[in-house]
Each structure stands twice: as C-alpha cells, then as structure tokens.
Amino acid sequence: MKKRVAILISGGGSNMAALIDSMDPDHPARPVLVVSNVPEAKGLLRAAERGVPAAVVDHRRFGRDRAAFETALADVLAEAGTDIICMAGFMRILGAGFVRRWQGRILNIHPSLLPKYRGLDTHARAIAARDTEAGCTVHEVTPDLDAGPILGQARVPVLPGDTPEALAARVLEMEHSLYPAVLRRFATGDTRPILWS
Ligand code: GRF
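Residues numbered from 1 in each chain as written. Predicted model: local features only at pLDDT ≥ 70, side-chain atom pairs only at ≥ 80, totals over all residues. Heavy atoms only, no water.

Participant: Hey, could you run me through the pattern of salt bridges in this one?
Facilitator: Pairing of side chains with opposite charge becomes possible as their charged atoms draw close. Using the criterion set out here, one finds eleven salt bridges in the structure. Among the ionic pairs, Asp162 bridges to Arg170, the shortest N-O distance being 2.7 Å. A single network of salt bridges, built from pairs that share partners, joins Asp21, Glu49 and Arg50. (Salt bridge = Lys/Arg side-chain N within 4 Å of Asp/Glu carboxyl O.)

Participant: Before we go on, may I ask you to explain the state of the cysteines in this structure?
Facilitator: Each disulfide is one covalent bond, formed between the sulfur atoms of two cysteines. Within this structure, the stated rule accounts for zero disulfides. Not engaged in a disulfide, the cysteine Cys86 finds its nearest cysteine sulfur in Cys136; these two sulfurs lie 14 Å apart. Look at Cys136 and you get buried, because its relative accessible area is 0%. (Disulfide = S-S within 2.5 Å. Buried < 20%, exposed > 50% of the residue type's maximum accessible area, 1.4 Å probe, protein only.)

Participant: Can you help me understand the pairing of strand 7 (residues 150-157) in this one?
Facilitator: On any regular strand, side chains alternate: one points to one face of the sheet, the next to the other face. Examined bridge by bridge, strand 6 (residues 133-140) and strand 7 share seven bridges and lie antiparallel to one another. From the neighbouring strand, Gly135 faces strand 7, where its bridge partner is Arg155. In this sheet, strand 8 (residues 194-196) lies alongside strand 7 in parallel orientation, the contact comprising three bridges. In the sheet register, Gly152 faces strand 8, and the bridge partner there is Ile194. (Pairing = 2+ DSSP bridges. Helix = DSSP H or I, 4+ residues; strand = E, 2+ residues; numbered from the N terminus.)

As structure tokens, then:
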C-alpha cells in the first residue's frame with residue numbers, strides 16, 4: 001500500500017510542487033492533500049494544476065488559540081488518511097501536542113546545514129558568518145524547533161559577493177532535489193540520512 005502524503009505550505013510551494021512531481025507510479029507514496037495556512041498562498045494554484053486536493057486552514061481565524069488551529073489542521077489531515085506529513089515552507093510552529101501525535105511521520109525542509117542556523121534568516125546569517133558553504137536539511141519534526149533527526153543534507157558553495165537572495169536561490173534549487181530523494185527513501189521506512197556534498 002502506498003503511503004499517503006499531505007504537504008503543508010504557506011507560500012510559493014516550489015518544494016511542494018517538486019514533491020508532487022516526484023511521486024510517479026513507481027513511488028512508494030502518493031500525494032493526497034495540500035494544506036495551506038495562508039488563503040492567498042500561490043502554492044494552492046500549483047496544487048490545483050497538479051490535480052491534488054487542497055485545503056486552507058487559516059490560522060488567523062483562530063486568533064491566539066493555537067490548540068484550536070492545530071485541532072482543525074489535524075482534522076483535515078486525518079480525514080485525508082494521512083500517513084506522512086511533509087512541511088514545505090510552512091511558516092507556523094506546531095506545538096508539542098500536535099507533533100507528538102504525528103512524531104516519526106512529519107518531515108520538514110530547512111534552508112541551512114542544521115544544526116547551524118535554526119529559525120529564520122538562515123542565508124543572511126551564513127553570509128554574515130563568512131561561511132564558505134551553505135545548504136539545506138530535511139529532518140524529522142520533533143517538539144524542538146529544527147532539531148529532529150536529520151534525514152538528508154545537501155551542500156552548496158557560498159560565492160564571493162553573494163546576497164541572501166542569490167544564496168537562497170542556489171539552496172532552493174538543491175532543496176527541490178533533496179526533499180524528493182529523502183521522501184522516496186523515508187516512505188519505504190528507511191531513515192538512513194542522505195548526505196550530498
Ligand atoms: C524554502 O527555502 C524552505 O526551505 C523554507 O521556505 C522556502 C519555501 O519555499 N522553509 P517554497 O514555498 O517551497 O517555494
């Protein structure tokens with residue numbers, strides 16, 4: 001039985017598109033749902049173009065009640081029979097209750113070589129630190145932000161004169177290869193990290 005994958009987005013959804021496009025007939029998983037917490041997210045159109053059902057769970061509707069937002073999110077995920085959740089540019093922090101319920105079944109992609117640069121502004125921080133390489137990491141999501149077991153990591157050079165935007169574009173291109181490669185392996189139950197240099 002193929003694993004049923006739900007993808008969480010907040011924005012452009014380029015990683016989501018790469019994941020969906022990678023799930024060919026031989027793949028051990030298939031996309032069953034895209035969920036955005038932002039109603040205007042461009043990724044919703046890309047999901048529709050690919051014929052994948054999409055839902056919006058707008059966090060703003062729940063004000064400060066994060067638990068209610070997460071219950072609504074969990075409901076749509078459960079209704080779709082989700083086995084694996086892929087966070088792909090999903091800009092909300094999920095609470096410990098939600099994460100524990102799905103632990104071992106939630107992946108995230110982060111645009112740095114974790115454990116370096118958890119959180120935001122990773123590219124600017126790498127440039128400010130004069131790092132000579134940057135990259136991206138796919139990891140399991142645990143209650144600690146950007147700190148779960150690493151499932152894949154890929155490196156790119158930081159070039160002289162790089163702006164955060166130029167570096168982000170180079171890293172993003174790598175994300176589009178790494179995340180599908182990790183998902184394909186993870187969906188078979190194999191959690192050995194993929195390390196690309
Ligand atoms: C990616 O760089 C991802 O690593 C970060 O946000 C960006 C999302 O891009 N968390 P997209 O929505 O997948 O195009």
